[in-house]
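Here are the chains, one letter per residue:
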Amino acid sequence: MTMPRRAFTLGLLAAGAGLATLARARAAEAGFPVTIVHALGESVVAAAPKRIVTIGWMAHDAATALGHVPVGMPRQSYGGDADGLPPWLHEELDRQGAALPERLDFTSGVPFEAILALAPDLVLAPYSGIGAEDYARLSSIAPTIAYAREPWVADWQELTRTVATATGTSADGKLAALAAQLAAVAAAHPEFAGKTFVLANTEAGRTALGLVVGTDPRIAVLEQLGFVLAPGVAAMGLADNYNTTISFERLGDIDADMLLSWDDGTAEDEALLANPLLARYRPVAAGRHLRLTDEAEIMALSAPSLLAIPWVLERIVPKLAALLA
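Figured I'd write up the structure that's included with this text. The model shown is predicted, which means the values in this text are computed figures rather than measured ones.

1. Topic: the overall build of the protein chain
Okay, step 1: Tallying secondary structure elements over the protein chain gives 13 helices and 14 strands in all.
Okay, step 2: When each of the 325 residues of the protein chain is scored for burial, the buried share is 51%.
Okay, step 3: Summing over all exposed atoms, the protein chain offers an accessible surface of approximately 13,200 Å²; the carbon and sulfur share of this is 53%.

2. Some remarks on the packing of aromatic side chains
Okay, step 1: Applying the stated rule across the entire model yields six aromatic pairs.
Okay, step 2: Pairing Trp57 with Tyr127 gives two aromatic rings, centres 6.0 Å apart and planes at 90°, and the pair type is edge-to-face. Of this pair, Trp57 sits in the loop between strand 4 (52-56) and helix 1 (59-65) while Tyr127 is found in strand 7 (residues 122-127), placing the two residues 70 residues apart along the sequence.
Okay, step 3: Ring centres 4.7 Å apart and planes at 25° place the aromatic pair Phe192 and Phe227 in the stacked group. Of this pair, Phe192 sits in the loop between helix 6 (172-188) and strand 9 (196-202) while Phe227 is found in the loop between helix 7 (217-224) and strand 11 (228-229), placing the two residues 35 residues apart along the sequence.
Okay, step 4: Note on Phe192: relative accessible area 0%, which makes it buried.
Okay, step 5: One aromatic cluster is present, built from ring pairs that chain together Trp57, Tyr127 and Trp152.
Okay, step 6: Stacked on the ring of Phe112, the Lys or Arg Arg137 has its end atom at 3.8 Å from the ring centre.
Okay, step 7: Above the plane of the ring of Trp311 lies Arg315, whose end atom (NZ or CZ) is 3.8 Å from the centre.

3. Description of the nonpolar core
Okay, step 1: Ranked by size, the top nonpolar core spans 85 residues in total, and within it Trp88, Leu124, Val198, Leu211, Phe227, Tyr281 and Leu320 carry the most contacts.
Okay, step 2: Considering every element that reaches this core, the biggest residue donor is helix 13 (residues 308-323), with 10 residues.
Okay, step 3: When sequence neighbours within four positions are dropped, the list of residues in contact with Tyr281 reads Val198, Leu251, Ile254, Asp255, Ala256 and Leu259.
Okay, step 4: If you look at the next biggest cluster of nonpolar residues, it comprises 16 residues, including Ile55, Val71, Phe112 and Leu118.

4. Considerations on the packing of helix 5 (residues 156-167) against helix 6
Okay, step 1: In contact at an axis separation of 10 Å, helix 5 and helix 6 are set at 160° when each is read in the N-to-C sense. As judged from the angle between their axes, helix 5 and helix 6 are roughly antiparallel. In this structure, helix 5 crosses over helix 6, and the sense of that crossing is right-handed. Here Trp156, Gln157, Thr160 and Arg161 of helix 5 come into contact with helix 6, specifically with Asp172, Leu175 and Leu178.
Okay, step 2: For the contact of helix 5 with helix 6, the per-class residue count stands at three nonpolar, two polar and two charged.

5. Notes on the pairing of strand 9
Okay, step 1: With seven of seven residues buried, strand 9 is to be regarded as a mostly interior element.
Okay, step 2: Burial along strand 9 is two-sided: the residues Thr196, Val198, Ala200 and Thr202 and Phe197, Leu199 and Asn201 are all buried.
Okay, step 3: Across two bridges, the pairing between strand 9 and strand 11 is parallel. Bridge assignment links Thr196 to a residue of strand 11, and that residue is Val228.
Okay, step 4: Bridge count between strand 9 and strand 13 (residues 258-262): five bridges; the pairing is parallel.

6. Details of the pairing of strand 3 (residues 41-45)
Okay, step 1: Two elements, strand 2 (residues 34-38) and strand 3, share five bridges in a ladder whose sense is antiparallel. Bridging across to strand 3, Thr35 finds its partner in Val44.
Okay, step 2: As consecutive antiparallel partners, strand 2 and strand 3 are separated by two residues.

7. Focus: the packing of helix 6 against helix 13
Okay, step 1: Interhelical geometry of helix 6 versus helix 13 gives an angle of 10° and a closest axis separation of 11 Å. Between helix 6 and helix 13, the interaxial angle falls into the category roughly parallel. Residues Leu178, Gln181, Leu182 and Val185 of helix 6 lie in contact with helix 13, whose contacting residues are Ile309, Pro310, Leu313 and Val317.
Okay, step 2: Residues belonging to the contact of helix 6 with helix 13 are distributed by class as follows: seven nonpolar, one polar and no charged.

8. Looking at the pattern of salt bridges
Where charged atoms from two side chains of opposite charge approach closely, those side chains can pair.
Okay, step 1: The tally for this structure, following the rule as stated, stands at nine salt bridges.
Okay, step 2: The salt bridge partner of Glu92 is Arg95, with a shortest N-O separation of 2.8 Å. Note that Glu92 and Arg95 are positioned in helix 2 (residues 87-96) at a spacing of three residues, about one turn of the helix.
Okay, step 3: Residue Arg95 is classed as exposed on the basis of its relative accessible area, which comes to 60%.
Okay, step 4: A salt bridge links Arg282 to Asp255; its shortest N-O distance comes to 2.7 Å. One end of the pair, Arg282, is in helix 11 (residues 282-285); the other, Asp255, is in the loop between strand 12 (243-247) and strand 13, and 27 residues separate them in sequence.
Okay, step 5: Of the residues examined, Arg282 reaches a relative accessible area of 41% and is grouped as partly exposed.
Okay, step 6: A single network of salt bridges, built from pairs that share partners, joins Asp255, Asp257 and Arg282.

Thresholds, definitions, all that
- Residues numbered from 1 in each chain as written.
- Predicted model: local features only at pLDDT ≥ 70, side-chain atom pairs only at ≥ 80, totals over all residues.
- Heavy atoms only, no water.
- Helix = DSSP H or I, 4+ residues; strand = E, 2+ residues; numbered from the N terminus.
- Buried < 20%, exposed > 50% of the residue type's maximum accessible area, 1.4 Å probe, protein only.
- Areas by Shrake-Rupley, 256 points an atom, 1.4 Å probe, with all protein chains shown as cover.
- Phe/Tyr/Trp six-rings, centres within 6.5 Å; stacked < 30°, edge-to-face > 60°.
- Lys NZ or Arg CZ within 6 Å of the ring centre and 35° of its normal.
- Core = buried A, V, L, I, M, F, W, Y, C linked by side-chain atoms within 4.5 Å.
- Contact = heavy atoms within 4.5 Å.
- Axes fitted to C-alpha atoms, helices over the stretch in contact; angles between N-to-C directions.
- Parallel < 35°, antiparallel > 145°, perpendicular 65-115°, else oblique.
- Left-handed = near helix turned anticlockwise from the far one by under 90°.
- Nonpolar A, V, L, I, M, F, W, Y, C, P; charged D, E, K, R; others polar.
- Pairing = 2+ DSSP bridges.
- Salt bridge = Lys/Arg side-chain N within 4 Å of Asp/Glu carboxyl O.

Below, the structure written as structure tokens:
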């Protein structure tokens with residue numbers, strides 16, 4: 001896959017009183033200016049932005065869903081459509097009758113000249129891998145908001161509220177509506193409740209699973225549907241890491257009711273999944289292994305947002321229900 005491993009980072013974490021965050025916003029009574037503190041500094045948005053450029057994942061979804069279509073965003077090569085857009089975002093742009101953002105090429109790093117040419121007044125990079133030098137250069141172009149804690153780590157709800165603050169918008173209504181939708185799906189599928197799961201990727205050439213652990217947003221989406229992360233995975237105590245690996249020989253250490261995995265769908269992946277050690281793993285032997293190979297579905301689950309979550313629920317919930325029937 002071409003996606004950054006750290007970024008597979010793609011959930012839904014409950015907004016609780018104890019949730020620690022560095023990306024807090026302090027807004028004046030009039031609305032602007034607002035100051036947003038993040039891992040790379042403190043950014044001041046002086047007035048309501050009109051020309052937004054996004055970097056990384058999720059931010060373009062959040063901005064568009066809140067009525068602020070970016071003028072520029074990364075071209076989506078993995079899971080994108082013919083126009084280089086995530087399909088759920090393209091559908092929302094069509095619904096709004098909005099012009100498509102300029103799709104920027106990030107394959108060789110941040111395209112500073114292309115961003116400068118768009119004359120942005122705000123750069124949103126709250127789920128990205130920009131470094132301090134990138135941040136300094138971007139900030140010389142426009143106020144730039146980086147990730148709250150570390151690269152390629154984000155609570156999508158917190159990210160949405162940060163984008164809302166930076167654009168002078170309220171996200172509460174849309175967040176509440178999506179929470180209600182997730183709750184309704186969980187209520188309609190009581191068979192999901194309490195079922196333990198392992199979420200992992202497989203890679204040809206290695207006899208191990210890449211386990212998704214800790215605060216990865218995909219974990220939270222599945223938990224909101226009623227599923228429970230396998231105790232063996234939770235016990236690893238890797239709360240701040242995207243993943244770790246476990247050999248096929250040790251799969252008994254992470255017993256679960258269901259395995260949800262993704263891969264590229266190649267012949268090499270097929271051969272790996274036929275490994276006898278994996279075939280004997282309890283959820284696989286019981287026919288409770290959901291394998292995802294569609295790039296758009298994998299991407300939507302990896303980078304959940306106001307737009308991506310409804311889109312991917314429509315596609316994977318029937319598969320999960322059939323798996324547990």
